[in-house]
Amino acid sequence: MDFLNAIILLLNYIFVPALTYGSQLALGAIFVTLIYGILRFANFATGDMMSFGTMFTILFTWYFQSIGINLGVLPTALLAIPFAIIFMVGYMLIIDNFVFKYYRSNKSPPVQLAMVSIGVMFVTQAVVRIIIGPSDRRFFDGEKFIIKAGEFKEITGLNEGLAIKSTQLITVIVTMALVSALFWFLNKTKTGKSMRAYSDNEDLALLSGIDPKKIVMITWIIAGILATIGGALYGLDKSFKPFTYFNNMLPIFAAAIVGGIGNPFGAFLGGYVIAFSEILLTYAYRKFFMYVLPESMEPGGLIQLLSTDYKFAVSFSILVIVLLYRPSGIFKGKVL
Amino acid sequence: MRKNLNVIAAYSVMMGLIILVGIFQSWNIALSIFNLCLISAVMTMGANIQWGYAGLINFGIMGYTALGGLAAVLISVNPVQEAWSAGGLNILFSLFLIIGMVLAVRYVLKKYEKSKIRTYIIATIIILGIIIIRFVSEPGIEAIEEVDPAKTGFLGGLGLPIIFSWIVGALFAGGLAFVIGKVALGLRADYLAIATLLISEIVIAIIKHEDWLTRGVKNVIGLKRPAPYEVNLQQTDWFINLVDKFNASKLNLIPDFAERQATLNQLVIEGSSVFVKLCYSGLFLVVVIILLIFTQKALYSPWGRMMRAIRDNEEAANAMGKNVVKQHLLIFVLGSAIVGIAGAMLVTQDGLFTPGSYRPMRYTFLIWVMVIVGGSGNNFGAILGGFAVWFLWIESAPIGLYLVNLTTAGLDDTHFLKVHLIESVPYFRFLMMGLGLLLIMRYRPKGILPEKIEIK
């Protein structure tokens, strides 16, 4: 019984939150990795592009709520996401046309493109704050929990409850569906294959008749979809605040590099690596050991490896270690 | 003279703008803008040395700034005796343990060839070391943080004049840069950018949460000043006489004695804060000029020539027998040390250390905008960038308000769009920075004052 309690405890406080957070990071990391692999620069505007997409999701959610459309138990935001994606993709194509295209056709070094993306970051941040403001916003509606901790305890008769929020389940399901569709697209369709070819060797791809304009456009469209959905899922699960999104850029970068930048599957797993290590290393295991160990050996302290203040620091340290010992990432991306 | 005309023109315009702020808004605002411009100029010089001279990208400026600020605290605050007696021993012992750990790792690295076993041994040393250090330091840290937490709760500093911290800040920042450089300089440019950005976040996390050292988010306030205090100035005779003399013509116009005294008092109060700011301006100006002389000398020296050669073609410089790795490390340390000075200056001016205020937007990306806009590789350009961008950063709210009023002039004052836009005026600064950066990078990629190398 105690053993079961311990497992439920870990599921509730580590596995479920880490899986959710990891899915959100994974979407962002695939976004970073696609831009890096195909357009060949580190996009510092990642976090702000995600907040831009989320902003449109929120605006549409408010609009639908005001005219009385909702999805019942599901959050209205799910209905708003497709419309937000249209605006987001439009914004990205406009930015690409007016900003990035010039440097791409000039074959500027990646550093210059990264600098330009900082300019885009400033502008996007300003636009988001001017339109929706810098404050914290929640736009979740519908049923909040799938299983509440109390109900779970009643059903199973255990001491520990397992609470699963509906946003957590939605996040995981949507991420899995989206990522499977993306991998199917990249591996099975002709366009996807040509994207991979372009990422692998630009000159060779051009020689074999691949249209670079089309590749770039499709990359931005996919990036727009990933950014909007990733941002909206994060906002649904936690809350929307432009500053948090900007900060999320850092673990997202860490996930992309740990997984091997330029490698979408690596980025996907990198998201979970970062999320699980952040939570595993900063969780206080005291209660877990109270269940597992006999009473005489009960631990005194919190048994916490690092205080939760260092959550971000964990992912960055992992990144530094990976960069030192395996610069191409865990799952072999481009060699840096 | 003629070839420097654009430099002189650009600086005159800049000074003219600041003087205009002084005339139309107030001299207090103008001087506080000027002081922060000078500090920004020091930061941009540091970043310019790395990016403009050597082509090294460093997005960790925030971390070095914060370390400089930490130096100001550790130098100037009086030591907290009780905290030292409560937990000082544990902290010192942990410090020795850390040094021992580093030495042990170095010994293993030197003594044994690269192999899996060596990696495992090093990992074991580090993990064991961290666990032991935590056990040793924990009681000490708890004891220190319990000493009067509302006022101190930390070890305090050395109680020296705060000016010394400018040098110590440089040493701290240089030391950190040395470690980071050893670890990360081998990476390709954009990875170096990401790695330094993340490492600076780790530095901030440590400063924020190690309360025994920095008081963390509880902030350290009331640091010593190198300049006189306003309250004291207002009671000194020579200062009152000085204000009297300056405003003699204005004061003589007031016939009534009591009224004249009241006006004088008002002027003295205003004058005292202007005077204090002027003191800071003088100090900062000295730093900027000294650094400028050194960096200019370095730029035109054989060493500067070598740096440019390395920047423009690493392989060729390497083939000519220049030690690229060593020079990169050197310039990384030098540039970061200069940023550290700026960090200490900033805290000196504010008189308080607030770890929560260090954000990458303000302390990393804004500095980069300054360098790029001003002109990388050209010290005068970088300084001008610091001035121009900081000026815009502060004055963009009034400019934004003016623009909003202009474009929505046809709308009613209570129209929702107008109200919303006026509320969001503070965010126009991001928009201006972003657009400025994008436009400069597109149409004048070398900055306002481009790099110009004369062969003498």
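Residues numbered from 1 in each chain as written. Chains lettered and ligands numbered in written order. Predicted model: local features only at pLDDT ≥ 70, side-chain atom pairs only at ≥ 80, totals over all residues.

**Q** Describe the overall build of chain A, naming the residues involved and giving the relevant values.
**A** Along chain A, the regular secondary structure elements total 13 helices and 2 strands. Principal axes of the C-alpha set define a box for chain A whose edges measure 70 × 55 × 35 Å. (Helix = DSSP H or I, 4+ residues; strand = E, 2+ residues; numbered from the N terminus.)

**Q** For the overall build of chain B, give the residues involved together with the corresponding values.
**A** Of the regular secondary structure elements, chain B holds 19 helices and 0 strands. Seen along its three principal axes, the alpha-carbon backbone of chain B occupies a region of about 90 × 60 × 55 Å. Looking at chain B as a whole, 40% of its 456 residues are labelled buried. A sequence separation of at least 24 residues applies to 82% of the contacts in chain B between residues at least 6 apart. (Buried ≥ 20, exposed ≤ 12 C-beta atoms within 10 Å, placed from the backbone. Contact = placed C-beta atoms within 7 Å.)

**Q** Break down the domain arrangement of chain B for me, citing the residues and quoting the values.
**A** Note on interface size: it is often stated as the accessible area lost on association of the parts. All names here are of chain B. Each domain of chain B was delimited in the assignment, giving domain 1 (2-79 + 156-443) and domain 2 (80-155). The centre of domain 1, based on its C-alpha atoms, is set 34 Å off from the matching centre of domain 2. Taken together, the contact between domain 1 and domain 2 spans 7 residues of the former and 11 residues of the latter. The residue inventory of the side of domain 1 that touches domain 2, partitioned by class, reads 3 nonpolar, 2 polar and 2 charged. (Domains from an automatic or database assignment. Nonpolar A, V, L, I, M, F, W, Y, C, P; charged D, E, K, R; others polar.)

**Q** Account for the interface of chain A and chain B, naming residues and giving values.
**A** Contact residues are listed per partner, giving 35 residues for chain A and 32 residues for chain B. Its residues assigned to classes, the side of chain A that touches chain B comprises 28 nonpolar, 5 polar and 2 charged.

**Q** Can you tell me about the environment of Met-217 of chain A, naming the residues and giving the values?
**A** All names here are of chain A. Tracing the backbone through its elements, the reader meets Met-217 in helix α9 (residues 212-237). Judged by local crowding, Met-217 falls into the partly exposed class, with 16 C-beta atoms found within 10 Å. Linking Met-217 and Tyr-310, residues 93 residues apart in sequence, is a C-alpha distance of 39 Å.

**Q** I'd like to hear about helix α4 (residues 81-111) of chain B, residue by residue, with values.
**A** Because an α-helix completes one turn every 3.6 residues, residues spaced three or four positions apart along the sequence face the same direction. All names here are of chain B. If you check α4, its first and last C-alpha atoms are 43 Å apart, about what 31 residues at 1.5 Å a residue would give, namely 45 Å. When the local axis directions of α4 are compared, the greatest deviation, roughly 65°, occurs at Gly-87. Turning to α4, its buried residues are Ala-83, Gly-87, Asn-90 and Ser-94. (Expected span 1.5 Å × (residues − 1). Bend = angle between axes of the 7 residues up to and from the residue.)

**Q** I'd like a rundown of the environment of Ala-163 of chain A, residues and numbers included.
**A** Assignment of secondary structure puts Ala-163 of chain A in the loop between α5 (149-156) and β2 (164-165). With sequence-adjacent residues up to four places away left out, Ala-163 of chain A is seen in contact with Asn-12, Phe-145, Ile-147, Lys-148 and Ala-149 of chain A.

**Q** Now, about the packing of helix α1 (residues 2-39) of chain A against helix α6 (residues 166-188) of chain A: what can you tell me, with residues and values included?
**A** Residue and element names in this part refer to chain A. Look at α1 against α6: their axes get within 9 Å of each other, and the N-to-C directions meet at 35°. At the point where α1 passes α6, the crossing takes the left-handed sense. Packed against α1, whose contacting residues are Val-16, Leu-19, Thr-20, Ser-23, Gln-24, Ala-26, Leu-27 and Ile-30, the element α6 presents Gln-168, Thr-171, Val-172, Thr-175 and Leu-182 at the interface. Residues of the contact of α1 with α6, tallied by class, amount to 7 nonpolar, 6 polar and no charged. (Axes fitted to C-alpha atoms, helices over the stretch in contact; angles between N-to-C directions. Left-handed = near helix turned anticlockwise from the far one by under 90°.)

**Q** Go over the nonpolar core with me, naming the residues and quoting the values.
**A** Ranked by internal contacts, the top residues of the largest apolar core, which has 208 residues, are Ala-254 of chain A together with Val-42 and Ile-338 of chain B. Excluding residues that lie within four positions of it along the chain, Ile-338 of chain B makes contacts with Val-42, Met-45, Gly-46, Ile-49, Ala-170 and Leu-291 of chain B. By size, the runner-up hydrophobic cluster in this structure holds 8 residues, among which are Ala-83, Ile-141, Phe-154 and Leu-155 of chain B. (Core = buried A, V, L, I, M, F, W, Y, C linked by C-beta atoms within 7 Å.)

**Q** Go over the confidence of the model for chain B with me, naming the residues and quoting the values.
**A** Mean pLDDT over chain B: 88, with 98% of residues reaching 70 or higher. The ipTM assigned to the predicted complex is 0.89, against a pTM of 0.91. (pLDDT = per-residue confidence, 0-100.)

**Q** Explain the packing of helix α2 (residues 46-66) of chain A against α9 of chain A to me, and be specific about the residues and the numbers.
**A** Residues and elements named next belong to chain A. Look at α2 against α9: their axes get within 7 Å of each other, and the N-to-C directions meet at 70°. Classified by the angle their axes make, α2 and α9 are roughly perpendicular. Contact residues: α2 offers Met-49, Met-50, Ser-51, Gly-53, Thr-54 and Thr-57, while α9 offers Ala-227, Thr-228, Gly-230, Gly-231, Ala-232 and Gly-235. Across the contact of α2 with α9, the residue classes tally to 4 nonpolar, 8 polar and no charged. (Parallel < 35°, antiparallel > 145°, perpendicular 65-115°, else oblique.)

**Q** Kindly report on the environment of Ile-133 of chain B, identifying the contributing residues and their values.
**A** All names here are of chain B. Among the secondary structure elements, Ile-133 is positioned in helix α5 (residues 116-146). Considering only alpha carbons, one finds Ile-133 and Ser-94, 39 residues apart in sequence, at a separation of 5.6 Å. With residues up to four places along the chain from it excluded, the contact list for Ile-133 reads Ser-94, Leu-97 and Ile-98.

**Q** Any details on helix α10 (residues 242-258) of chain A? Residues and values, ideally.
**A** Residue and element names in this part refer to chain A. For α10, with 17 residues, the first-to-last C-alpha span of 25 Å sits near the 24 Å given by 1.5 Å per residue. Across the 17 residues that make up α10, a large majority, 14, are buried. Immediately downstream of α10, the backbone of Gly-260 shows phi near 95°, a positive value.

**Q** Which residues make up unusual backbone geometry, and what values do they have?
**A** Residue and element names in this part refer to chain B. A positive phi angle, close to 65°, is found at Arg-215, a residue other than glycine. Residue placement: Arg-215 occurs in the loop between α8 (211-214) and α9 (230-233). One non-glycine residue with positive phi stands out, namely Asn-219, at about 65°. Among the structural elements, Asn-219 can be located in the loop between α8 and α9.

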